[in-house]
Amino acid sequence: MNTILSYFLLGLSLAAPIGPINAAQLDKGIKKGFMHAWMIGIGAILADAILMALIYFGVVHFLTTSFMRTFLWIFGCFVLIYSGVESLMGAGKLNDNQHRSSDTIAKSFFSGFFMSISSPLSILFWLGIYGSVLAETIAAYDRDHVLFYTGIMFTGLLVWDVTMAGLASTFRRFLTHRALTVISVLSGLSLIGFGLHFGIKAWQALFS
């Protein structure tokens, strides 16, 4: 039982640090409600699952080559800056029904997916974290236990996803329009900041 709890808490702790996904969930939850924020997290978790599967089967090293890393920096820069600018443009339209209907659930899902799958930081993060967890777990348990404990980690990720979506959608019920606008602007600037960071990494990789 203690082992199950430790893997569950590991999943929670891996999802909790503030990054592009949490910023995007906060923004979408304020503008669109629970389902849109939740779908961003689900998209990101699917991307995480793909990366973890690649690590499990030992083929992720292709994604860490110089060419792929640079390509992902550029693609991640574009995705994050686009999402951040979109957030800023919609910050003053929280009560605009036309704006509210312009985004679909599917768009929120793919936004979270591409944010996560295009980030070399995610690849290196999961390679370091899940790679070490996988090595330790395989040394102590059989393959069935490895898959089971990986599932427990994902349960922690899903719980955090629901928690973030719930918090973000709750904010818009209790905060003033001005406060919601400020949070949306900050979320947008955060996404643009992460995007610029990726852009700088791409520039350094190409020209240094």
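Residue indices begin from 1 for each chain and proceed along its sequence in written order. In keeping with the model being predicted, local features are shown solely for residues with a pLDDT of at least 70 and side-chain atom pairs are shown and tallied solely at 80 or more, while totals for entire chains, interfaces and linings include all residues. Note: side-chain values were computed over all heavy atoms of the structure, leaving out hydrogens and water.

## What about the overall build of the chain?
The test is simple: A run of H or I in DSSP counts as a helix once it spans at least four residues, and a run of E counts as a strand once it spans at least two, with each numbered from the N terminus. Accessibility here uses a 1.4 Å probe with only protein chains present; expressed as a share of the type maximum, an area under 20% marks a residue as buried, one over 50% as exposed, and anything in between as partly exposed.
The number of helices and strands found in the chain is 9 helices and 0 strands. Mapped from its N terminus to its C terminus, the chain presents α and β elements in the order α-α-α-α-α-α-α-α-α. For the chain, with 208 residues in total, the buried portion stands at 46%.

## Let's talk about the packing of aromatic side chains
Cut-off, in case you're wondering: Aromatic rings from Phe, Tyr and Trp, taking only the six-membered ring of Trp, are treated as a pair when their centres fall within 6.5 Å; an angle between ring planes under 30 degrees marks them as stacked, one over 60 as edge-to-face, and anything in between as tilted.
Evaluation of the coordinates by the stated rule reveals 10 aromatic pairs. Summarising the aromatic geometry, the rings of Trp73 and Phe198 are spaced 5.2 Å apart at their centres and angled 65° between planes, so their arrangement reads as edge-to-face. Taken together, the positions of Trp73 in helix α4 (residues 66–90) and Phe198 in helix α9 (residues 177–207) put the pair 125 residues apart, joining distant regions of the chain. Ring plane angle 85° and centroid distance 6.0 Å describe the contact between Phe75 and Phe114, whose orientation is recorded as edge-to-face. With Phe75 in helix α4 and Phe114 in helix α6 (residues 105–117), this pair connects stretches of sequence that are 39 residues apart. Each residue in the set Phe71, Phe75, Phe109, Phe110, Phe113 and Phe114 is aromatic and connected to the rest through ring pairs, giving one cluster.

## Details of the confidence of the model for the chain
A low pLDDT score tells you not to read the predicted coordinates there in detail. Going by this rule: You can read pLDDT as the predictor saying how much it trusts each residue, on a scale of 0 to 100.
Residues with a pLDDT of 70 or more make up 87% of the chain, whose mean pLDDT is 79. Within the chain, no element has a lower average pLDDT than helix α5 (residues 97–100), which sits at 45, and none a higher one than α6, at 89.

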